[in-house]
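Chain and residue survey
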Amino acid sequence: MHDYQALLEVLYHDAIKAKNRGSIATYIPELAHIDINNFGIHLKTIDGKDFGIGDYNKPFSIQSISKVLALSKAMELVGDAVWKRVDVEPSGNPFNFLSLLEIENGIPRNPLINSGAIVIADILVSNLKNPKEDFLSYIKMITNDDSISYNESVAKSEQITGFKNYAAANLLKSFKNLNNPVDDVLDFYFHQCAIEMSCSQLSKAFYLFANKGKCLQNKLHISEQQAKRINALMLTCGFYDEAGEFAFKVGLPGKSGVGGGIIALLPNHFIISVWSPGLNKKGNSQLGMHALQQFTTHTKRSIF
Ligand code: GLN
(Lines give C-alpha, C1' and ligand atoms only; values in the text may rest on other atoms or scores of the structure.)
Protein backbone atom coordinates (compact mmCIF):
# COMPACT_ATOMS: atom_id res chain seq x y z
CA MET A 1 0.00 0.00 0.00
CA HIS A 2 1.39 3.37 -1.02
CA ASP A 3 1.32 6.48 1.11
CA TYR A 4 -0.68 8.35 -1.51
CA GLN A 5 -1.16 11.51 0.55
CA ALA A 6 2.60 11.89 1.07
CA LEU A 7 3.20 11.41 -2.66
CA LEU A 8 0.54 13.97 -3.64
CA GLU A 9 2.24 16.41 -1.28
CA VAL A 10 5.57 15.88 -3.03
CA LEU A 11 3.94 16.47 -6.43
CA TYR A 12 2.19 19.59 -5.13
CA HIS A 13 5.36 21.11 -3.69
CA ASP A 14 7.19 20.42 -6.95
CA ALA A 15 4.39 22.01 -8.95
CA ILE A 16 4.13 25.22 -6.93
CA LYS A 17 7.87 25.78 -7.45
CA ALA A 18 7.67 25.24 -11.21
CA LYS A 19 9.02 28.08 -13.35
CA ASN A 20 7.35 27.10 -16.61
CA ARG A 21 3.62 26.66 -16.14
CA GLY A 22 2.64 26.92 -19.83
CA SER A 23 -0.01 29.45 -20.81
CA ILE A 24 -3.72 29.95 -20.24
CA ALA A 25 -6.13 29.25 -23.14
CA THR A 26 -7.13 32.73 -24.24
CA TYR A 27 -9.05 31.76 -27.38
CA ILE A 28 -12.10 31.41 -25.12
CA PRO A 29 -11.99 34.94 -23.61
CA GLU A 30 -13.82 33.97 -20.40
CA LEU A 31 -11.08 31.42 -19.58
CA ALA A 32 -8.34 34.06 -19.86
CA HIS A 33 -9.09 35.45 -16.35
CA ILE A 34 -8.17 32.25 -14.50
CA ASP A 35 -5.19 32.49 -12.13
CA ILE A 36 -2.39 30.37 -13.62
CA ASN A 37 -1.11 29.54 -10.12
CA ASN A 38 -4.03 27.27 -9.26
CA PHE A 39 -2.94 23.68 -8.75
CA GLY A 40 -4.96 20.84 -7.32
CA ILE A 41 -4.70 17.07 -7.39
CA HIS A 42 -7.10 14.43 -6.12
CA LEU A 43 -7.03 10.65 -6.04
CA LYS A 44 -9.93 8.33 -5.41
CA THR A 45 -9.35 4.62 -4.98
CA ILE A 46 -11.90 2.08 -6.15
CA ASP A 47 -12.58 1.12 -2.53
CA GLY A 48 -13.58 4.71 -1.81
CA LYS A 49 -10.54 6.35 -0.20
CA ASP A 50 -9.85 10.00 -1.07
CA PHE A 51 -6.58 11.91 -1.11
CA GLY A 52 -6.12 15.50 -2.23
CA ILE A 53 -3.98 18.60 -1.97
CA GLY A 54 -4.04 22.20 -3.21
CA ASP A 55 -7.04 23.55 -5.10
CA TYR A 56 -8.69 20.16 -5.51
CA ASN A 57 -12.09 21.34 -4.31
CA LYS A 58 -12.19 24.46 -6.49
CA PRO A 59 -14.48 24.18 -9.56
CA PHE A 60 -12.99 24.97 -12.99
CA SER A 61 -14.14 24.72 -16.60
CA ILE A 62 -13.96 21.03 -17.52
CA GLN A 63 -14.06 21.77 -21.27
CA SER A 64 -13.13 18.68 -23.34
CA ILE A 65 -13.20 16.38 -20.32
CA SER A 66 -16.98 16.61 -20.77
CA LYS A 67 -16.64 14.75 -24.10
CA VAL A 68 -16.10 11.46 -22.26
CA LEU A 69 -19.20 11.97 -20.10
CA ALA A 70 -21.26 12.92 -23.17
CA LEU A 71 -19.99 9.83 -25.01
CA SER A 72 -20.97 7.57 -22.10
CA LYS A 73 -24.50 9.01 -22.09
CA ALA A 74 -24.79 8.60 -25.89
CA MET A 75 -23.60 4.96 -25.65
CA GLU A 76 -26.07 4.33 -22.85
CA LEU A 77 -28.87 5.75 -25.03
CA VAL A 78 -28.14 4.39 -28.52
CA GLY A 79 -25.43 1.72 -28.06
CA ASP A 80 -23.40 0.73 -31.12
CA ALA A 81 -25.36 3.09 -33.40
CA VAL A 82 -22.80 5.73 -32.30
CA TRP A 83 -20.13 4.02 -34.43
CA LYS A 84 -22.06 4.51 -37.69
CA ARG A 85 -21.40 8.22 -37.34
CA VAL A 86 -17.99 8.48 -35.59
CA ASP A 87 -14.82 6.41 -36.02
CA VAL A 88 -12.47 5.15 -33.28
CA GLU A 89 -9.04 6.03 -34.66
CA PRO A 90 -6.56 8.55 -33.21
CA SER A 91 -6.37 11.66 -35.35
CA GLY A 92 -2.77 12.73 -34.68
CA ASN A 93 -4.01 16.28 -35.12
CA PRO A 94 -5.11 19.17 -32.88
CA PHE A 95 -8.57 19.00 -31.28
CA ASN A 96 -10.07 21.53 -33.68
CA PHE A 97 -8.42 20.33 -36.94
CA LEU A 98 -10.87 20.23 -39.83
CA SER A 99 -9.18 18.97 -43.00
CA LEU A 100 -9.51 15.24 -42.22
CA LEU A 101 -13.23 15.65 -41.77
CA GLU A 102 -13.66 16.70 -45.37
CA ILE A 103 -11.33 14.02 -46.74
CA GLU A 104 -13.17 11.37 -44.72
CA ASN A 105 -16.64 12.41 -45.84
CA GLY A 106 -17.91 13.93 -42.62
CA ILE A 107 -17.11 10.97 -40.35
CA PRO A 108 -14.96 12.32 -37.49
CA ARG A 109 -11.91 10.25 -36.54
CA ASN A 110 -13.08 9.77 -32.95
CA PRO A 111 -15.58 11.16 -30.39
CA LEU A 112 -12.93 13.05 -28.38
CA ILE A 113 -11.90 15.59 -31.02
CA ASN A 114 -14.26 18.53 -31.46
CA SER A 115 -15.98 17.32 -34.65
CA GLY A 116 -16.63 13.89 -33.08
CA ALA A 117 -17.91 15.44 -29.88
CA ILE A 118 -20.26 17.64 -31.93
CA VAL A 119 -21.76 14.47 -33.50
CA ILE A 120 -22.17 13.02 -29.97
CA ALA A 121 -23.85 16.29 -28.91
CA ASP A 122 -26.24 15.86 -31.86
CA ILE A 123 -27.11 12.34 -30.65
CA LEU A 124 -27.84 13.70 -27.16
CA VAL A 125 -29.94 16.57 -28.52
CA SER A 126 -32.00 13.99 -30.47
CA ASN A 127 -32.37 11.48 -27.65
CA LEU A 128 -32.75 13.51 -24.44
CA LYS A 129 -36.07 15.17 -23.66
CA ASN A 130 -34.55 18.35 -22.21
CA PRO A 131 -30.95 17.93 -23.41
CA LYS A 132 -29.08 20.49 -21.27
CA GLU A 133 -31.09 19.79 -18.13
CA ASP A 134 -31.00 16.01 -18.52
CA PHE A 135 -27.26 15.90 -19.25
CA LEU A 136 -26.50 18.00 -16.16
CA SER A 137 -28.77 15.74 -14.09
CA TYR A 138 -26.80 12.71 -15.34
CA ILE A 139 -23.53 14.30 -14.21
CA LYS A 140 -24.98 15.32 -10.85
CA MET A 141 -26.26 11.79 -10.37
CA ILE A 142 -23.05 9.93 -11.20
CA THR A 143 -21.10 12.41 -9.06
CA ASN A 144 -23.71 12.34 -6.29
CA ASP A 145 -23.45 16.12 -6.10
CA ASP A 146 -26.25 18.58 -6.80
CA SER A 147 -24.06 21.66 -6.76
CA ILE A 148 -22.56 21.11 -10.27
CA SER A 149 -23.64 23.65 -12.88
CA TYR A 150 -22.99 25.27 -16.24
CA ASN A 151 -21.03 28.52 -16.33
CA GLU A 152 -23.24 30.56 -18.66
CA SER A 153 -20.57 33.24 -19.30
CA VAL A 154 -18.10 30.59 -20.50
CA ALA A 155 -20.73 29.03 -22.77
CA LYS A 156 -21.61 32.46 -24.18
CA SER A 157 -17.95 33.37 -24.63
CA GLU A 158 -17.39 30.25 -26.69
CA GLN A 159 -20.52 30.80 -28.71
CA ILE A 160 -19.26 34.25 -29.72
CA THR A 161 -15.75 33.10 -30.62
CA GLY A 162 -16.24 29.44 -31.65
CA PHE A 163 -15.74 29.96 -35.38
CA LYS A 164 -13.95 26.64 -35.92
CA ASN A 165 -16.65 24.74 -34.06
CA TYR A 166 -19.25 26.41 -36.31
CA ALA A 167 -17.14 25.40 -39.31
CA ALA A 168 -16.96 21.79 -38.05
CA ALA A 169 -20.71 21.66 -37.39
CA ASN A 170 -21.51 23.11 -40.81
CA LEU A 171 -19.18 20.65 -42.50
CA LEU A 172 -20.85 17.78 -40.61
CA LYS A 173 -24.25 19.12 -41.64
CA SER A 174 -23.18 19.29 -45.30
CA PHE A 175 -22.23 15.59 -45.09
CA LYS A 176 -25.61 14.83 -43.45
CA ASN A 177 -23.94 13.76 -40.22
CA LEU A 178 -25.89 16.23 -38.08
CA ASN A 179 -29.63 15.74 -37.65
CA ASN A 180 -30.45 18.85 -35.63
CA PRO A 181 -29.88 22.52 -36.52
CA VAL A 182 -26.24 23.64 -36.14
CA ASP A 183 -27.19 26.28 -33.53
CA ASP A 184 -29.04 23.79 -31.31
CA VAL A 185 -26.20 21.28 -31.37
CA LEU A 186 -23.52 23.90 -30.68
CA ASP A 187 -25.57 25.46 -27.88
CA PHE A 188 -25.54 22.03 -26.23
CA TYR A 189 -21.84 21.46 -26.99
CA PHE A 190 -20.73 24.87 -25.64
CA HIS A 191 -22.72 24.23 -22.47
CA GLN A 192 -21.31 20.75 -21.87
CA CYS A 193 -17.79 22.21 -22.19
CA ALA A 194 -18.76 25.03 -19.79
CA ILE A 195 -19.64 22.69 -16.93
CA GLU A 196 -17.61 23.53 -13.83
CA MET A 197 -16.31 20.79 -11.58
CA SER A 198 -13.47 20.39 -9.12
CA CYS A 199 -10.84 17.65 -9.19
CA SER A 200 -12.63 15.77 -6.42
CA GLN A 201 -15.95 15.94 -8.29
CA LEU A 202 -14.29 14.73 -11.50
CA SER A 203 -12.75 11.75 -9.71
CA LYS A 204 -16.21 10.81 -8.50
CA ALA A 205 -17.82 11.27 -11.93
CA PHE A 206 -15.18 9.10 -13.62
CA TYR A 207 -15.52 6.33 -11.05
CA LEU A 208 -17.84 4.45 -13.39
CA PHE A 209 -15.11 4.07 -16.04
CA ALA A 210 -12.76 2.52 -13.48
CA ASN A 211 -15.58 0.39 -12.08
CA LYS A 212 -16.83 -1.53 -15.16
CA GLY A 213 -19.69 0.90 -15.86
CA LYS A 214 -21.12 1.20 -12.34
CA CYS A 215 -21.14 4.66 -10.73
CA LEU A 216 -20.42 5.43 -7.08
CA GLN A 217 -24.07 4.73 -6.27
CA ASN A 218 -23.54 1.22 -7.64
CA LYS A 219 -25.91 1.88 -10.55
CA LEU A 220 -24.91 0.35 -13.90
CA HIS A 221 -24.89 3.02 -16.66
CA ILE A 222 -22.86 1.37 -19.39
CA SER A 223 -21.81 -2.23 -19.83
CA GLU A 224 -18.37 -3.50 -18.86
CA GLN A 225 -17.53 -3.73 -22.57
CA GLN A 226 -18.61 -0.13 -23.17
CA ALA A 227 -16.46 1.04 -20.24
CA LYS A 228 -13.51 -0.85 -21.75
CA ARG A 229 -14.08 0.84 -25.10
CA ILE A 230 -14.30 4.32 -23.58
CA ASN A 231 -11.05 3.70 -21.70
CA ALA A 232 -9.42 2.54 -24.96
CA LEU A 233 -10.56 5.75 -26.66
CA MET A 234 -9.20 7.87 -23.82
CA LEU A 235 -5.85 6.13 -24.12
CA THR A 236 -5.57 6.49 -27.90
CA CYS A 237 -7.40 9.79 -28.46
CA GLY A 238 -7.74 11.63 -25.12
CA PHE A 239 -4.86 14.05 -25.71
CA TYR A 240 -5.20 14.71 -29.45
CA ASP A 241 -1.77 14.92 -31.08
CA GLU A 242 -0.17 14.28 -27.71
CA ALA A 243 -1.97 10.99 -26.99
CA GLY A 244 1.19 9.03 -27.78
CA GLU A 245 3.23 11.19 -25.42
CA PHE A 246 0.71 10.78 -22.59
CA ALA A 247 0.64 6.98 -23.02
CA PHE A 248 4.46 7.00 -23.19
CA LYS A 249 4.98 9.14 -20.09
CA VAL A 250 1.94 8.37 -17.93
CA GLY A 251 0.56 5.07 -19.24
CA LEU A 252 -3.08 5.53 -18.24
CA PRO A 253 -6.30 6.24 -20.14
CA GLY A 254 -7.11 9.89 -19.59
CA LYS A 255 -8.68 13.07 -20.91
CA SER A 256 -7.61 16.69 -20.88
CA GLY A 257 -9.49 19.96 -21.30
CA VAL A 258 -8.32 23.46 -22.21
CA GLY A 259 -9.45 24.62 -18.76
CA GLY A 260 -6.28 22.86 -17.56
CA GLY A 261 -7.88 19.76 -16.08
CA ILE A 262 -6.74 16.19 -16.68
CA ILE A 263 -8.46 13.05 -15.50
CA ALA A 264 -6.79 9.65 -15.69
CA LEU A 265 -7.61 6.23 -14.30
CA LEU A 266 -6.34 2.74 -13.73
CA PRO A 267 -9.33 0.39 -14.25
CA ASN A 268 -10.30 -1.44 -11.04
CA HIS A 269 -7.86 0.62 -8.96
CA PHE A 270 -8.11 4.42 -8.94
CA ILE A 271 -9.11 7.68 -10.61
CA ILE A 272 -6.78 10.69 -10.44
CA SER A 273 -7.62 14.29 -11.37
CA VAL A 274 -5.29 17.21 -11.64
CA TRP A 275 -5.85 20.89 -12.42
CA SER A 276 -3.27 23.45 -13.44
CA PRO A 277 -4.60 25.98 -15.97
CA GLY A 278 -1.34 26.62 -17.87
CA LEU A 279 -1.30 24.63 -21.11
CA ASN A 280 1.55 23.34 -23.25
CA LYS A 281 1.67 23.89 -27.03
CA LYS A 282 -0.70 20.97 -27.68
CA GLY A 283 -3.38 22.41 -25.38
CA ASN A 284 -2.85 20.00 -22.48
CA SER A 285 -2.05 21.06 -18.90
CA GLN A 286 1.72 21.43 -18.64
CA LEU A 287 2.11 20.74 -14.91
CA GLY A 288 -0.81 18.31 -14.92
CA MET A 289 0.95 16.00 -17.37
CA HIS A 290 4.17 16.28 -15.40
CA ALA A 291 2.48 15.48 -12.07
CA LEU A 292 0.78 12.40 -13.55
CA GLN A 293 4.04 11.21 -15.03
CA GLN A 294 5.64 11.50 -11.59
CA PHE A 295 2.67 9.73 -9.99
CA THR A 296 2.83 6.63 -12.20
CA THR A 297 6.62 6.58 -12.07
CA HIS A 298 6.73 6.63 -8.26
CA THR A 299 3.85 4.22 -7.68
CA LYS A 300 4.66 1.99 -10.71
CA ARG A 301 0.92 1.85 -11.29
CA SER A 302 -0.04 2.19 -14.93
CA ILE A 303 -1.79 -0.10 -17.39
CA PHE A 304 1.60 -1.20 -18.73
N1 GLN B 1 -14.70 23.96 -25.79
C2 GLN B 1 -13.39 23.78 -26.33
C3 GLN B 1 -13.45 23.90 -27.84
O4 GLN B 1 -14.36 23.41 -28.42
C5 GLN B 1 -12.89 22.43 -25.91
C6 GLN B 1 -11.48 22.18 -26.38
C7 GLN B 1 -10.64 21.42 -25.39
O8 GLN B 1 -10.86 21.41 -24.17
N9 GLN B 1 -9.60 20.78 -25.90
O10 GLN B 1 -12.60 24.50 -28.46
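Higher on the page you've got the structure.
Going along each chain's sequence as written, the residues are numbered from 1 onward. Where totals are concerned, whole chains, interfaces and linings use all residues; where local detail is concerned, this predicted model gives features only for residues with pLDDT of at least 70, and gives and counts side-chain atom pairs only at 80 or more. Side-chain metrics in this entry use all non-hydrogen atoms of the structure; hydrogen atoms and water are not considered.

On to unusual backbone geometry, then. At Gln63, a residue that is not glycine, the phi angle is positive and equals roughly 45°. The helix count covers DSSP runs of H or I at least four residues long, the strand count covers runs of E at least two residues long, and both are numbered beginning at the N terminus. The residue Gln63 is located in the loop between strand E3 (60-61) and helix H2 (66-78) in this model. Summary of the burial criterion: residues with accessible area below 20% of their type's maximum are buried, those above 50% are exposed, and those between are partly exposed, where the area comes from a 1.4 Å probe applied to protein chains only. Note on Gln63: relative accessible area 2%, which makes it buried.

What follows is about the state of the cysteines. Any two cysteine sulfur atoms lying within 2.5 Å of each other are counted as a disulfide. Applying the stated criterion across every chain yields a total of 0 disulfides. Just so you know, Cys237 is unpaired, no disulfide at all, and the nearest cysteine sulfur is the one on Cys193, 17 Å from it. Overall, Cys237 belongs to the buried group, its relative accessible area being 2%.

Let's shift gears to the sheet that holds strand E6 (residues 254-256). Between any two strands, pairing holds if DSSP finds at least two bridges. Read across the sheet, 5 strands follow the order E2-E1-E8-E7-E6 without closing on themselves; strand pairing throughout is antiparallel. The open sheet has two edge strands with one neighbour each: strand E2 (50-54) and E6. Geometrically, the sheet is characterised by an average inter-axis angle of 5° between neighbouring strands, direction not taken into account. Bridge count for strand E7 (residues 261-266) against strand E8 (residues 270-275) is 6 bridges, and the pairing is antiparallel. Bridge assignment links Leu265 to a residue of E8, and that residue is Ile271. Those strands touched by helix H13 (residues 286-299) are strand E1 (40-45), E7 and E8, and its axis lies near 145° from that of E8. To get an axis, a line is fitted to the C-alpha atoms, and for a helix only the part in contact is used. The angle between two axes follows their N-to-C directions and goes from 0 to 180 degrees. By definition, residues are in contact when any of their heavy atoms lie within 4.5 Å.

Any helix carries an expected span of 1.5 Å times its number of residues minus one. Its 14 residues give helix H11 (residues 224-237) an end-to-end C-alpha distance of 20 Å, which sits within 8% of 20 Å, the value for a rise of 1.5 Å per residue. Those residues of H11 lying buried are Gln226, Ala227, Ile230, Asn231, Leu233, Met234 and Cys237. An end-on view of H11 places all buried positions within 160° of arc, on one side of the element. Exposed residues lying more than 90 degrees from the buried face of H11 are Glu224 and Lys228. The reported arc concerns the directions from the helix axis to the C-beta atoms and nothing else.

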